[in-house]
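# Summary of the model geometry
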Amino acid sequence: MKRDDFIWTIGYQDDTAIVDGPARKRLKNRSPEELLQEGMYRAAFCAAVYDGTEEEFLPRFVERTGINADSVAYLQRLYGVFGVPDGVRKVSVIG
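Below is a short write-up of the structure. Note that the structure is a prediction, hence the values are computed from the model and not measured.

## A word on the packing of aromatic side chains
In the structure shown here, the tally under the stated rule is six aromatic pairs. With a centroid separation of 6.1 Å and an interplanar angle of 85°, the aromatic rings of Y41 and F61 are classed as edge-to-face. Pair noted here: Y41 is in helix α4 (residues 41-51) and F61 is in helix α5 (residues 54-65), with a separation of 20 residues, a long-range link. Aromatic side chains F45 and F57 sit 6.2 Å apart centroid to centroid with 45° between the ring planes, which places their arrangement in the tilted category. In this pair, F45 is assigned in helix α4 and F57 in helix α5, connecting sequence segments 12 residues apart.

Okay, here's the thing in structure tokens:
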């Protein structure tokens, strides 16, 4: 699964990721920090997950949002994002 497809996935249907096309186009190739600055908190976390930088992302997230997230596991539960899924074979872009 491509990075921007993962970041902007809003759900899954079987082996297909449903992607927010307008957001993906408008904010393509942004770093977790840039997305955090834009207020796109879930997308920023997804970018950090894809990049493997969740631990470094956590203190910046807490500082920016004021949410007392004490662990990466907290953010995983908050956003329902636990990693890049293996079984995704297709992408459906909406919007």
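## Things to note about the sheet that holds strand β1 (residues 9-13)
Across the sheet, three strands lie side by side as β1-β2-β3; this open sheet has mixed pairing. Two strands close off the open sheet at either side, each with one partner strand: β1 and β3 (90-94). Between one strand and the next, the sheet's axes are offset by a mean angle of 25°, whatever the strand orientation. Examined bridge by bridge, strand β2 (residues 16-20) and β3 share five bridges and lie parallel to one another. Its bridge partner lying in β3, D20 is registered against I94.

Rules of the game
Residues numbered from 1 in each chain as written. Predicted model: local features only at pLDDT ≥ 70, side-chain atom pairs only at ≥ 80, totals over all residues. Heavy atoms only, no water. Phe/Tyr/Trp six-rings, centres within 6.5 Å; stacked < 30°, edge-to-face > 60°. Helix = DSSP H or I, 4+ residues; strand = E, 2+ residues; numbered from the N terminus. Pairing = 2+ DSSP bridges. Axes fitted to C-alpha atoms, helices over the stretch in contact; angles between N-to-C directions.

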